[in-house]
Amino acid sequence: MPNVEYRGMNLIVPENDSEWKEYFQAVRQHRLVMRKCAACGLMRYPPTHACPWCTAFEWTWQEMSGKGTIHSYEIVVHAIQTGFRDWAPYPVVLVELDEQRGQPTPDEGLRMIANLVRPDFTPERDENVAIGTRVRVLFHDLSPEIALPQFTLSDEPPQGRLWRLG
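Reading guide: rules and limits
- Residues numbered from 1 in each chain as written.
- Predicted model: local features only at pLDDT ≥ 70, side-chain atom pairs only at ≥ 80, totals over all residues.
- Heavy atoms only, no water.
- Buried < 20%, exposed > 50% of the residue type's maximum accessible area, 1.4 Å probe, protein only.
- Helix = DSSP H or I, 4+ residues; strand = E, 2+ residues; numbered from the N terminus.
- Pairing = 2+ DSSP bridges.
- Phe/Tyr/Trp six-rings, centres within 6.5 Å; stacked < 30°, edge-to-face > 60°.
- Contact = heavy atoms within 4.5 Å.
- Axes fitted to C-alpha atoms, helices over the stretch in contact; angles between N-to-C directions.
- Salt bridge = Lys/Arg side-chain N within 4 Å of Asp/Glu carboxyl O.

A.B. asks: What is the right way to look at the pairing of strand 9 (residues 134-141) in this model?
C.D. replies: Two faces make up the sheet, and in a regular strand the side chains alternate between them. Counting buried residues in strand 9 gives six out of eight residues, a clear majority hidden from the surface. Bridge analysis of strand 9 against strand 10 (residues 147-153) gives seven bridges, and the strand direction is antiparallel. Residue pairing for strand 10: Asp141 is matched across the bridge by Ala147. Counting the residues that bridge the hairpin from strand 9 to strand 10 gives five residues.

The following block contains the structure:
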């Protein structure tokens, strides 16, 4: 895969990167996929070789709906990466995906971190961010070879009680 720039940073997925290459190929097709363990059936992110739950090495790719709930978040007020300084303050969210909510335990689930953006890929306003808010994946096409999964607010009702900073 070629070198792609995103907000001043070089994004490189080496051709021999077996854990991420197929993931980013699917994302470029606007498909969010996770590795599903052939032994215990649990999915994992990031796409590591061995299952973190049962340590089995066999897996398949499972396509996800891209829907989830904000499990936690942070409002970045001091961006360390130069390319994000004009975004600050901006929200970064930990999203629990619907397909494995509360599994393998009520305190664990299939979660991924991403920016929370509006449909035009500008950062969501921090007053609109809350734990329990429903989101959906949005694919930011950066080049013909690579896209980044981001999340945006959905119009679904929240899961449980909403909570936000302040």
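Structure shown, so let's carry the discussion forward.
A.B. asks: What should I look at first to understand the packing of aromatic side chains in this one?
C.D. replies: Two aromatic rings, taken as a pair, are described by how far apart their centres are and by the angle between their planes. This structure, assessed with the given rule, holds ten aromatic pairs. Ring geometry for Phe84 and Trp87: centres 5.3 Å apart, planes at 80°, overall edge-to-face. Taken individually, Phe84 and Trp87 each receive the classification buried, so the pair is uniform in this respect. Within the aromatic cluster, the residues linked to one another by ring pairs are Tyr6, Phe84, Trp87 and Tyr90.

A.B. asks: Honestly, the environment of Ser72 in this entry has me stumped. Any pointers?
C.D. replies: Along the chain, Ser72 turns up in strand 6 (residues 67-76). We classify Ser72 as partly exposed; its relative accessible area is 29%. When near neighbours in sequence (up to four residues on either side) are disregarded, Ser72 contacts Val93, Leu94 and Ile131.

A.B. asks: For this particular structure, what's the right way to read the sheet that holds strand 6?
C.D. replies: To summarise the sheet geometry, strands pair through backbone hydrogen bonds and adopt either a parallel or an antiparallel arrangement. One open sheet accounts for five strands, arranged 8-7-6-9-10; its pairing is antiparallel. Two strands close off the open sheet at either side, each with one partner strand: strand 8 (111-115) and strand 10. Strand-to-strand twist in this sheet, taken as the mean axis angle between neighbours without regard to direction, amounts to 40°. Here three bridges tie strand 6 to strand 9, and the two strands are oriented antiparallel to one another. Considered in strand 9, the bridge of Thr69 is made with Arg134. Of the strands in this sheet, strand 8, strand 9 and strand 10 touch helix 1 (residues 21-28), which is tilted by about 60° from strand 10.

A.B. asks: Just to check I follow, could you spell out the pattern of salt bridges for this structure?
C.D. replies: When the charged atoms of two side chains lie near each other, side chains of opposite charge can form a pair. Summed over all chains, the structure comprises eight salt bridges. The residue Arg31 makes a salt bridge to Glu63 at a minimum N-O spacing of 3.2 Å. With a gap of 32 residues between them, Arg31 in the loop between helix 1 and strand 3 (33-37) and Glu63 in strand 5 (residues 59-63) connect regions that are remote in the sequence. Given a relative accessible area of 29%, Arg31 falls into the partly exposed group. Note that Glu96 is salt-bridged to Arg111, the shortest N-O span being 3.8 Å. You can see Glu96 sitting in strand 7 (residues 90-97) and its partner Arg111 sitting in strand 8, a full 15 residues away along the chain. The pair formed by Glu96 and Arg111 is uniform in burial state, with each residue classed as buried. Three or more residues joined by partner-sharing salt bridges are found here, namely Asp98, Arg134 and Glu156.

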